[in-house]
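# Architecture and fold: a report
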Amino acid sequence: MRIIVDAMGGDNAPREIVKGAVKAKRELGVDITLVGREDEVRACLADEGCSDIEIVNADEVVTMEDDPSTATRRKKNSSMAVALTMLRDGRGDAMVSAGSTGALLTGATLTVKRIHGIRRAAMAPVLPAGEHGVMLIDCGANVECTAEYLLQFAYMGSFYAKKMMGCDNPRVGLLNVGTEDTKGGDLQHQTFALLRQAGDEGRINFVGNIEGTGVFSGAADVVVTDGFTGNVLLKTTEGVIKYIMGALKGVFYKSTVNKLAAAVLKGDLAEMKKSMDVNEVGGTALIGISKPVVKAHGSSNAASIFAAVRQAIAFAGSGLISDINANIEYMKIKGEEKNGQA
């Protein structure tokens, strides 16, 4: 298996990207292609004592200042654009980038293309909760959604949870302002009806509406929502985690007794921190694209890139895209129902 890595994407490129890629090659036994400015990438590889990773030169870099909607088209020789073209052309099995989220999503949609019949690709991070984690779909790719989009997100999220998260019968919940069937606006009402029908047909395990408090209390394995709401939830979660970890550190350093308590709990605290560390998760899958693309965190270090490559390997070998293709007819709204959408 070969993973294409955008060596110039992210805040710490190319050094940390290269370090993570080298670690993945050595420990996971996967072939890697690094795409970026060849001289810079080769120098980083030399520092790692590695000379057997393929490099594809790309002189341009997509930056955070570039317009996401046009970046890969205007910068066709950027590391991101070249990597996506390679994936499209079958020169790798999956692609990883820590570059601009918007540019990657747009580039993947235009270059690699969506799965036929999928209306919008979704970003689906796995949040730290319970034994398997909980998938949030969508988390920002689609700010405005229709009920059909959310229906497709539910199916795709369910397939991902089964293939990638180890959930035998993933529970799918619709994020709402209450658990009652009548809660929410028109979008939630229409989506609820579609998900209930899919659940009654045995195609997904729909457990109904869930509130924000249910996301981390085990109410569902897959949380379906529009990208605006999902992004607010995701960023709030990241902020709360940072606050809690900082507050805990302050408590344990407050006195000698507290420091002794911290020493006793050191192992458990380390495990807790690890479970919430974005560097351990790796990245966010772009689900609905016709080939596996993983978006690593913009501030990724070598450990995060290693985890993202590991995730990409699992994604490429999961059969997830085949499952989506095989069920696409159930993920569409027929004529009259579609015309009734807001």
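See above for the structure.
Right, let's walk through the structure included here. Not measured: the values here are computed from a predicted model.

## A word on the overall build of the protein
- Helix and strand content of the protein: 15 helices and 12 strands.
- Taken over C-alpha atoms, the radius of gyration comes to 21 Å for the protein, in line with the 20 Å a tight globule of 342 residues would show.
- Its C-alpha atoms give the protein principal-axis dimensions of about 60 × 60 × 35 Å.
- Evaluated residue by residue, the protein yields a buried proportion of 48% over its 342 residues.
- Of all intrachain contacts in the protein linking residues separated by at least 6 positions in sequence, the fraction that spans at least 24 positions is 69%.
- Taken as a whole, the protein presents about 15,600 Å² of accessible surface, with 50% of it coming from carbon and sulfur.
- One finds the centroid of the 38 positive side-chain charges in the protein at a distance of 2 Å from the centroid of its 41 negative side-chain charges.

## Quick look at unusual backbone geometry
- Here the bond from alanine 13 into proline 14 is cis, since omega is -5 degrees, no more than 30 degrees from zero.
- Note that the residue after isoleucine 137, namely aspartate 138, is joined by a cis bond; omega there is 15 degrees.
- On the secondary structure map, aspartate 138 appears in the loop between strand 7 (134-137) and helix 6 (147-164).
- With a phi close to 80 degrees, lysine 113 is a non-glycine residue in the positive phi region.
- The residue lysine 113 is located in the loop between helix 5 (101-112) and strand 5 (122-124) in this model.

## Section: the pattern of salt bridges
- A complete count under the given rule lists 16 salt bridges for this structure.
- Glutamate 38 is the partner of arginine 42 in a salt bridge, and the nearest nitrogen-oxygen pair spans 2.6 Å. Of this pair, arginine 42 and glutamate 38 are both found in helix 2 (residues 38-47), 4 residues apart, which corresponds to roughly one turn of the helix.
- With relative accessibility at 45%, the residue arginine 42 sits in the partly exposed group.
- Residues arginine 88 and aspartate 89 are paired through a salt bridge, measuring 2.9 Å at the closest nitrogen-oxygen approach.
- Through salt bridges that share partners, Asp66, Arg74 and Lys75 make up one connected network.

## Details of the sheet that holds strand 11 (residues 283-287)
- The 7 strands are arranged 3-2-1-4-12-11-5 in an open sheet whose pairing can be described as mixed. This sheet does not close on itself; its edge strands, each paired only once, are strand 3 (54-57) and strand 5. Across this sheet, the average inter-strand angle for adjacent strands is 25 degrees, counted without regard to direction.
- By the bridge criterion, 3 bridges tie strand 1 (residues 2-6) to strand 4 (residues 94-97) in an arrangement that is parallel. Bridge pairing in strand 4 places isoleucine 4 opposite methionine 95.
- On the sheet, helix 2 packs against strand 2 (31-36) and strand 3 and is oriented at approximately 160 degrees with respect to strand 3.

## A closer look at the sheet that holds strand 8 (residues 171-175)
- Read from one edge of the open sheet, 5 strands run 6-7-10-8-9, paired in mixed fashion. Two strands close off the open sheet at either side, each with one partner strand: strand 6 (126-127) and strand 9 (205-210).
- Where strand 7 meets strand 10 (residues 222-224), 3 bridges bridge the pair, whose relative direction is parallel. Within the sheet, the bridge partner assigned to leucine 136 lies in strand 10 and is valine 223.

## Some details on the packing of helix 1 (residues 15-28) against helix 2
- Following both chains from N to C, one finds helix 1 and helix 2 inclined at 55 degrees, their axes separated by 9 Å at the closest point. Relative to helix 2, the element helix 1 lies oblique. Our pair here, helix 1 against helix 2, has a crossing hand that is right-handed. Along its contact with helix 1, which presents Arg15, Val18 and Val22, the element helix 2 presents Val41, Cys44, Leu45 and Asp47.
- Residues that form the contact of helix 1 with helix 2 fall into these classes: 5 nonpolar, no polar and 2 charged.

## Some thoughts on the pairing of strand 4
- Residues Ala94 and Val96 line one face of strand 4 and the alternating positions Met95 and Ser97 line the opposite face, and both faces are buried.
- Bridge count for strand 4 against strand 12 (residues 293-296) is 3 bridges, and the pairing is parallel. Directly across from serine 97, in strand 12, lies its bridge partner lysine 295.

## Comments concerning helix 7 (residues 186-200)
- Here helix 7 contains 15 residues, and its C-alpha end-to-end distance of 21 Å stays within 8% of the 21 Å for a straight helix at 1.5 Å per residue.
- Directly beyond the C-terminal end of helix 7, a positive phi value near 80 degrees is found at glycine 202.

## Some remarks on the packing of aromatic side chains
- Scanning the entire structure with this criterion turns up 3 aromatic pairs.
- Seen in terms of ring centroids, tyrosine 155 and phenylalanine 159 are 6.2 Å apart; in terms of plane orientation they differ by 55 degrees. Their pairing is tilted. Remark: phenylalanine 159 and tyrosine 155 occur in helix 6; sequence separation between them is 4 residues, near one turn of the helix.
- Seen in terms of ring centroids, phenylalanine 192 and phenylalanine 206 are 5.3 Å apart; in terms of plane orientation they differ by 75 degrees. Their pairing is edge-to-face. A residue pair is termed long-range when its members are at least 10 positions apart, and phenylalanine 192 in helix 7 and phenylalanine 206 in strand 9 qualify at 14 residues.
- One cation-aromatic arrangement involves lysine 23 over phenylalanine 306; the distance from NZ or CZ to the ring centre is 4.8 Å.
- Above the plane of the ring of tyrosine 330 lies arginine 203, whose end atom (NZ or CZ) is 3.5 Å from the centre.

Each value, and the rule that gives it
- Residues numbered from 1 in each chain as written.
- Predicted model: local features only at pLDDT ≥ 70, side-chain atom pairs only at ≥ 80, totals over all residues.
- Heavy atoms only, no water.
- Helix = DSSP H or I, 4+ residues; strand = E, 2+ residues; numbered from the N terminus.
- Rg over C-alpha atoms; globule rule 2.2 N^0.38 Å.
- Buried < 20%, exposed > 50% of the residue type's maximum accessible area, 1.4 Å probe, protein only.
- Contact = heavy atoms within 4.5 Å.
- Areas by Shrake-Rupley, 256 points an atom, 1.4 Å probe, with all protein chains shown as cover.
- Lys, Arg positive; Asp, Glu negative; His and termini not counted.
- Charge placed at Lys NZ, Arg CZ, Asp CG, Glu CD.
- Salt bridge = Lys/Arg side-chain N within 4 Å of Asp/Glu carboxyl O.
- Pairing = 2+ DSSP bridges.
- Axes fitted to C-alpha atoms, helices over the stretch in contact; angles between N-to-C directions.
- Parallel < 35°, antiparallel > 145°, perpendicular 65-115°, else oblique.
- Left-handed = near helix turned anticlockwise from the far one by under 90°.
- Nonpolar A, V, L, I, M, F, W, Y, C, P; charged D, E, K, R; others polar.
- Expected span 1.5 Å × (residues − 1).
- Phe/Tyr/Trp six-rings, centres within 6.5 Å; stacked < 30°, edge-to-face > 60°.
- Lys NZ or Arg CZ within 6 Å of the ring centre and 35° of its normal.

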